[in-house]
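Remarks on the overall topology
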Amino acid sequence: MITEIAPAPRRVVSEPVRPRGGRRAWDEVPRWQIYLPLSVYLLFTLIPFYWILLFALRPAGSTSLVPWPMTFDHFEKVWTERSFGLYFYNSVLVGIATLVLTTVVALAGGYALARFDFRLKRGFMLALLCSQFVPGALLLVPLFQIFAELSMINSLASVIIAETVFQLPLSMILISGFIKNVPPSLEEAAWVDGCSRFAAFRIVVLPMLRPGLIAVGSFAFVHAWNHFLFALMFLSDQSKQTIPVGLNTLMNADSVDLGALAAGGIVAAVPVVIVFAFIQKWLITGFSAGAVKG
């Protein structure tokens, strides 16, 4: 006798009630709640930039809120009379040298932290983190004594070394976090194929570190470009000063040339803005990948 098996009852899954328009209530945010805070933030961000452009482009003595007639006399004044061309060259030299040294040393140190186990490794990492809480002003006296003993005072090399040492802890932490996201099996496969450790690192690992290297290098360059304290203390010759110190020379106790100061600020800001405009995608990727271990 054959008995029929009744089909199992179908489960009826009730869908959540959606509001009109097919959108879930918890996903729908009124547009004004997004655009209003962004507009306020954008307003507070752009007004100072417009004010700087206004003082830099309008004639001296003018009180107009529109830079017209437009003049570039302030830029010519700071570039030629105030030696901003020389300051610009010195800042570029310090920034690029700091970028290269920081990236190379942080790459070697970050690889060691990511791939090797050694005694006091956690203590060393903790020391790197704690060093970020030490302000640069506390390093001035010991660094000045060291550079004086080495006859490096009033030399761009002293500023480059100081900036590199100041940037290394954070750069090593970021690079080590980025290298940890690269599977060691890729290097091991290259070793099996006959590559040395250095060759495997150069061929396999290094191309994957491009966002991290760009993030670390750009951070070191911008910090060296904007840093005022080391250049002020270690450089006494005016021909070796950098742009932040040059901006300080535009202000004196009696008066301030606002047009020249605004023009100098634009000269100092434009290279950094251009750099970040080209590398912003790599910068965000590098910092996010280096901060989280995968």
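Residues numbered from 1 in each chain as written. Predicted model: local features only at pLDDT ≥ 70, side-chain atom pairs only at ≥ 80, totals over all residues. Heavy atoms only, no water.

For the protein chain, the name recorded in an unreviewed UniProt entry is Carbohydrate ABC transporter permease, with Streptomyces kebangsaanensis as its organism. Turning to the protein chain, the UniProt record has this under Subcellular location (unreviewed entry): "Cell membrane". Entered under Sequence similarities (unreviewed entry) in the UniProt record, the comment concerning the protein chain runs "Belongs to the binding-protein-dependent transport system permease family." (UniProt positions renumbered as here; feature names shortened; annotations may be inferred.)

By volume, the largest pocket amounts to about 230 Å³. As for the largest pocket, its lining consists of F49, I52, L53, G265, I266, A269, V270 and V273. For the lining of the largest pocket, the secondary-structure elements that each account for two or more residues are helix 1 (31-57) and helix 12 (258-291). Sorting elements by how many residues they give to the lining of the largest pocket places helix 12 first, with 5 residues. Residue composition of the lining of the largest pocket, grouped by class: 7 nonpolar, 1 polar and no charged. By volume, the second largest pocket amounts to about 180 Å³. For the second largest pocket, the full set of lining residues is S131, Q132, V134, L139, L143, A162, V165, F166 and P169. Here the lining of the second largest pocket takes 4 residues from helix 6 (residues 156-180), the largest share from any one element. Across the lining of the second largest pocket, the residue classes break down as 7 nonpolar, 2 polar and no charged. (1 Å grid on protein atoms, 1.4 Å probe; cavity = no way out; pocket = protein on both sides within 12 Å on 5 of 7 lines; lining within 4 Å. Points joined across faces, edges and corners; volume = space filled by probe spheres on them. Helix = DSSP H or I, 4+ residues; strand = E, 2+ residues; numbered from the N terminus. Nonpolar A, V, L, I, M, F, W, Y, C, P; charged D, E, K, R; others polar.)

Taken as a whole and judged by the stated rule, the model has 12 aromatic pairs. Summarising the aromatic geometry, the rings of Y111 and F201 are spaced 5.0 Å apart at their centres and angled 70° between planes, so their arrangement reads as edge-to-face. Of this pair, Y111 sits in helix 3 (residues 84-115) while F201 sits in helix 8 (residues 197-205), and the two are 90 residues apart along the sequence. Judged by its relative accessible area of 11%, F201 is buried. Each ring, one from F166 and one from F230, has its centre 6.1 Å from the other, and the planes form 85°; the classification is edge-to-face. Residue F166 is found in helix 6, and its partner F230 is found in helix 10 (residues 229-234); the two are separated by 64 residues along the sequence. A cation over a ring is seen here: R58 above F55, with NZ or CZ 4.5 Å from the ring centre. (Phe/Tyr/Trp six-rings, centres within 6.5 Å; stacked < 30°, edge-to-face > 60°. Buried < 20%, exposed > 50% of the residue type's maximum accessible area, 1.4 Å probe, protein only. Lys NZ or Arg CZ within 6 Å of the ring centre and 35° of its normal.)

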